[in-house]
There are 2 protein chains.
Amino acid sequence: MRSTSPTGVQASSSSHDEPSFIEAARRAQIIECAIEAIADVGFARATLAEIAKRARVSKGVILYYFDGKDDLIRKVVESVYLIAAEFMLPRLEQQPTVRDTLHAYIESNIAYMAERRIYIIALVEIFGGFRDRDGVSKFRPGGHDYMNSHLVELLQSGQQSGEFRDFNAGAMAFAIRASIDMLPPALANDADFDIKGYAKELVTVFDLATRNQAGAKRKKVSS
Amino acid sequence: MRSTSPTGVQASSSSHDEPSFIEAARRAQIIECAIEAIADVGFARATLAEIAKRARVSKGVILYYFDGKDDLIRKVVESVYLIAAEFMLPRLEQQPTVRDTLHAYIESNIAYMAERRIYIIALVEIFGGFRDRDGVSKFRPGGHDYMNSHLVELLQSGQQSGEFRDFNAGAMAFAIRASIDMLPPALANDADFDIKGYAKELVTVFDLATRNQAGAKRKKVSS
DNA sequence: CTAATATCTGACCGTGCGGTCAACATCTCC
DNA sequence: GGAGATGTTGACCGCACGGTCAGATATTAG
């Protein structure tokens, strides 16, 4: 490994401290196996030994490439967020109205969950089970909060444009995220869950809940 | 303890195997301390030693009254559900319409969470962290499912009475429960959460999402 | 080929868990 | 007041965890 190497000179492939081919491959493999293990047996039982077994290496290899289990878990979360962003963002940018953007938000988020089931299950496992030495301190490195504030802004912009009615944007965002985030446990426990049907119903629910008047005429309530 | 006593004859207080005063008090105390411990330091760190310390007894006492940690946890869940049912059911029965019942369902559920914060936090901790020896098998002894199916029936009866529009009742119930069940973690992490405002917004959201037509005239869409 | 470096293993350690147990303390009733 | 049931303790056990480490093995440079 290069992290503590005394000199900058080492591998042949390049002059600076670019990770070797093996290092990059191993890191990716271990992260992938960690995700599978966590999604498969749960965070508590996803021990280093379990992850190592799935990667067909010894436990020491994991500690060789990562600074302990905490570091590995953080890299796992990083990796999942990165892929999620790559999946969702392009789908949001090309929507003409805020209303369409909200629909795309819900559907692309759920579509990502369907496509990368175990990634999301692993994330939920980590958020639920990854405690620091003291009490309640969880993880959530701005990830959840970031998604939440992004959604709040989206809703508020819809209110300003007049597309949405006058609701509590924070509460609405919370309900939307809750309706999406409770999906992974359901997917884990019920293989027959109608995920596409659920996405469709959710879009309808939050369209009805957010829109400014049905098809009626009055533009603003006085009192 | 009475569970393995060879003869049916024992305590003086009564002729049958009614638990003694001490036994009933200790069981209740230990369950209460377990709830506090789980809500306070999380399921993973709520060890028998931790619970025993809070009850000011030795670890052995817990194993004397409960058949291991699993048994204790099950009794904790039982206890919380019992109290929740006692709190909510009376509030639901006296509602005139299905729509009012749904509103009462949401508001009483959230009110219970606000009143017995640590009970609900403990429940969520248990559901998230209580794994059996093998993989994913969680807990949920019909509790969640029961609440869910009860809600589904409520929604369907509203559709039959014409109060509600024609939505997927399972999906709607899931979204409602998700919007409620995501509350405890938020309450645990954010002491300033506006819980009453959230309850109010939720009622509005799912009123708009479920009701049959806004205030318009057409009673049924042809296509 | 050889030396240096990168990679990898398996044995080992300390810790903290759930659970057991023999012994001790307290209560209860005749 | 003493026998037996009930309640309680603290020492102890086996286990599995995350992590360490000396050294074996592969890879590369010169």
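The residue numbering used here restarts from 1 in each chain and proceeds along that chain's sequence as written. Key to labels: chains lettered from A, ligands numbered from 1, both in the order written. Where local features are concerned, this predicted model is filtered to residues with pLDDT of at least 70; where side-chain atom pairs are given and counted, the filter is 80 or more; whole-chain, interface and lining totals use all residues. Hydrogens and water are ignored here; the side-chain numbers use all heavy atoms of the structure.

Before going further, it helps to examine the overall build of chain A. Per the convention used, a helix needs a DSSP run of H or I reaching at least four residues, while a strand needs a run of E reaching at least two, with both numbered from the N terminus. Looking only at helices and strands, one finds 10 helices and zero strands in chain A. Listing each helix as α and each strand as β along chain A from the N terminus yields α-α-α-α-α-α-α-α-α-α. Working definition: with a 1.4 Å probe on protein chains only, accessible area under 20% of the residue-type maximum means buried, over 50% means exposed, and in between means partly exposed. Residue burial in chain A is summarised as follows: out of 223 residues, 45% are buried. Surface exposure of chain A reaches about 11800 Å², of which carbon and sulfur atoms provide 52%. Only the protein chains shown count as cover for residues, and all accessible areas are computed by the Shrake-Rupley method using a 1.4 Å probe.

With that out of the way, let us pick up the packing of helix α4 (residues 69-93) of chain A against helix α6 (residues 117-129) of chain A. Residue and element names in this part refer to chain A. Running from N to C, α4 and α6 point in directions that differ by 135°, and their axes come no closer than 10 Å. By the angle between their axes, α4 is oblique relative to α6. In the packing of α4 onto α6, the handedness of the crossing is left-handed. Contact residues: Ile73, Val76, Val77, Val80, Tyr81 and Ile83 in α4; Tyr119, Leu123, Ile126 and Phe127 in α6. Polar here means any residue other than Ala, Val, Leu, Ile, Met, Phe, Trp, Tyr, Cys and Pro, which are nonpolar, and Asp, Glu, Lys and Arg, which are charged; Gly is therefore polar. Of the residues in the contact of α4 with α6, the class split is 10 nonpolar, no polar and no charged. What counts as an axis is a line fitted to C-alpha atoms, over the stretch in contact for a helix, and the angles between N-to-C directions run from 0 to 180 degrees. Our angle categories are set so that under 35 degrees counts as roughly parallel, over 145 as roughly antiparallel, 65 to 115 as roughly perpendicular, and the remainder as oblique. What makes a crossing left-handed is the near helix being turned counterclockwise from the far one by less than a right angle; a clockwise turn instead makes it right-handed. Whether two residues touch is decided by their heavy atoms; if any such pair falls within 4.5 Å, the residues are in contact.

Every case where a carboxyl oxygen of Asp or Glu lies within 4 Å of a side-chain nitrogen of Lys or Arg is listed as a salt bridge. Counting across every chain of the model gives 16 salt bridges over all chains. Across the pair Asp207 of chain A and Arg99 of chain A runs a salt bridge whose closest N-O atoms are separated by 2.7 Å. Linking Asp207 of chain A in helix α10 (residues 195-210) with Arg99 of chain A in helix α5 (residues 98-115), this pair joins segments that are 108 residues apart in sequence. What makes Arg99 of chain A partly exposed here is its relative accessible area of 36%. A salt bridge links Glu201 of chain B to Arg165 of chain A, with the nearest nitrogen and oxygen atoms 3.1 Å apart. Taken together, the residues Glu201 of chain B in helix α10 (residues 195-210) and Arg165 of chain A in the loop between α7 (143-160) and α8 (169-181) connect one chain to another. A relative accessible area of 15% means that Arg165 of chain A is categorised as buried. Through salt bridges that share partners, Asp40, Glu50, Lys53 and Arg54 of chain A make up one connected network.

Residue and element names in this part refer to chain A. What pLDDT conveys is the predictor's confidence in a given residue, as a value from 0 to 100. In this model, chain A carries an average pLDDT of 83, and 80% of its residues clear a pLDDT of 70 or more. Predicted confidence in chain A is weakest over helix α9 (residues 183-189), with a mean pLDDT of 79, and strongest over α10, with 97. In the model, residues 1-16 has pLDDT below 50 throughout and makes 13 contacts with residues more than four positions away in sequence or in other chains.

Residue and element names in this part refer to chain A. The contact between helix α1 (residues 21-41) and α4 brings their axes to 10 Å, and the two run at 90°. Overall, the two elements α1 and α4 adopt an arrangement that is roughly perpendicular. Here α1 contributes Arg27, Ile30, Ile31, Ala34, Ile35 and Ile38 to the contact with α4, which in turn contributes Leu72, Ile73, Lys75, Val76, Ser79 and Val80. When grouped by side-chain class, the residues that make up the contact of α1 with α4 number nine nonpolar, one polar and two charged.

Before going further, it helps to examine the interface of chain B and chain A. The partner chain A presents 38 residues to the 38 residues of chain B that form the contact. The junction of chain B with chain A conceals about 3000 Å² of combined surface from both sides, 63% of it contributed by carbon and sulfur atoms. Linking chain B with chain A are two salt bridges. Think of a polar contact as two N or O atoms within 3.5 Å of one another; within protein, one of them needs to be a possible hydrogen donor and the other a possible acceptor, and neighboring residues in sequence only count if both atoms come from side chains. The tally of links from chain B across to chain A stands at four residue pairs in polar contact (both at pLDDT 80 or more). If you list the elements that add at least two residues to the side of chain B that touches chain A, you get α1 (21-41), α8 (169-181), α9 (183-189) and α10 of chain B. Among the elements that line the side of chain B that touches chain A, the one with the most residues is α10 of chain B, at eight residues. Taken together, the residues that form the side of chain B that touches chain A break down as 21 nonpolar, seven polar and 10 charged. When two parts are put together, the accessible area they lose, computed with a 1.4 Å probe and summed over both, is reported as buried area.

So, on to the nonpolar core. Ile106, Leu155 and Phe206 of chain A together with Ile106, Leu155 and Phe206 of chain B are the most contacted members of the largest nonpolar core, which has 144 residues in total. Look past the residues within four positions of Leu155 of chain A in its chain and what remains in contact with it is Leu102, Phe164, Phe167, Ala169, Met172, Ala173 and Ile176 of chain A. Take the buried residues of types Ala, Val, Leu, Ile, Met, Phe, Trp, Tyr and Cys, join any two whose side-chain atoms come within 4.5 Å, and each joined set is a nonpolar core.

Residue and element names in this part refer to chain B. With 13 residues, α8 should reach 18 Å at 1.5 Å per residue; the first-to-last C-alpha distance of 18 Å fits that figure. Of all 13 residues that make up α8, 12 are buried, and the element is covered over most of its length. Within α8, the full set of buried residues consists of Ala169, Ala171, Met172, Ala173, Phe174, Ala175, Ile176, Arg177, Ala178, Ser179, Ile180 and Asp181. Put simply, Asn168 is the residue that caps the front of α8, since its side-chain oxygen is 3.0 Å from the backbone nitrogen of Gly170. Helix span, expected: 1.5 Å multiplied by one less than the number of residues in the helix.

Working definition: a ring pair exists when centres of Phe, Tyr or Trp rings (six-membered ring for Trp) sit within 6.5 Å. Plane angles under 30 degrees give stacked, over 60 give edge-to-face, the rest tilted. All chains considered together, the criterion is met by 12 aromatic pairs over all chains. Seen from their ring centres, Phe193 of chain B and Tyr198 of chain B are 5.8 Å apart, and the 75° between their planes marks the pair as edge-to-face. Put simply, the rings of Phe174 of chain A together with Phe193 and Tyr198 of chain B touch in pairs and so form one group of aromatic residues. Two conditions define a charge located above a ring, namely a distance within 6 Å from the ring centre to NZ of Lys or CZ of Arg, and an angle within 35 degrees of the ring normal. We note Arg27 of chain A situated over the ring of Phe66 of chain A; from NZ or CZ to the ring centre the distance is 5.1 Å.

This brings us to the relation of the copies chain B and chain A. Between the two copies, chain B and chain A, the superposition gives an RMSD of 0.1 Å; the rotation angle is 180° and the shift along the axis is 0.0 Å. The transformation relating the two chain copies, once decomposed into turn and shift, fits a two-fold axis. The copies were overlaid with a least-squares fit restricted to C-alpha atoms from residues scoring a pLDDT of at least 70 in each copy.

Let's shift gears to helix α6 (residues 117-129) of chain B. In a regular helix each residue adds 1.5 Å, so 13 residues correspond to 18 Å; α6 of chain B covers 18 Å between its end C-alpha atoms and thus fits that length. Every buried residue of α6 of chain B is accounted for by Tyr119, Ile120, Ile121, Ala122, Leu123, Glu125, Ile126 and Phe127 of chain B.

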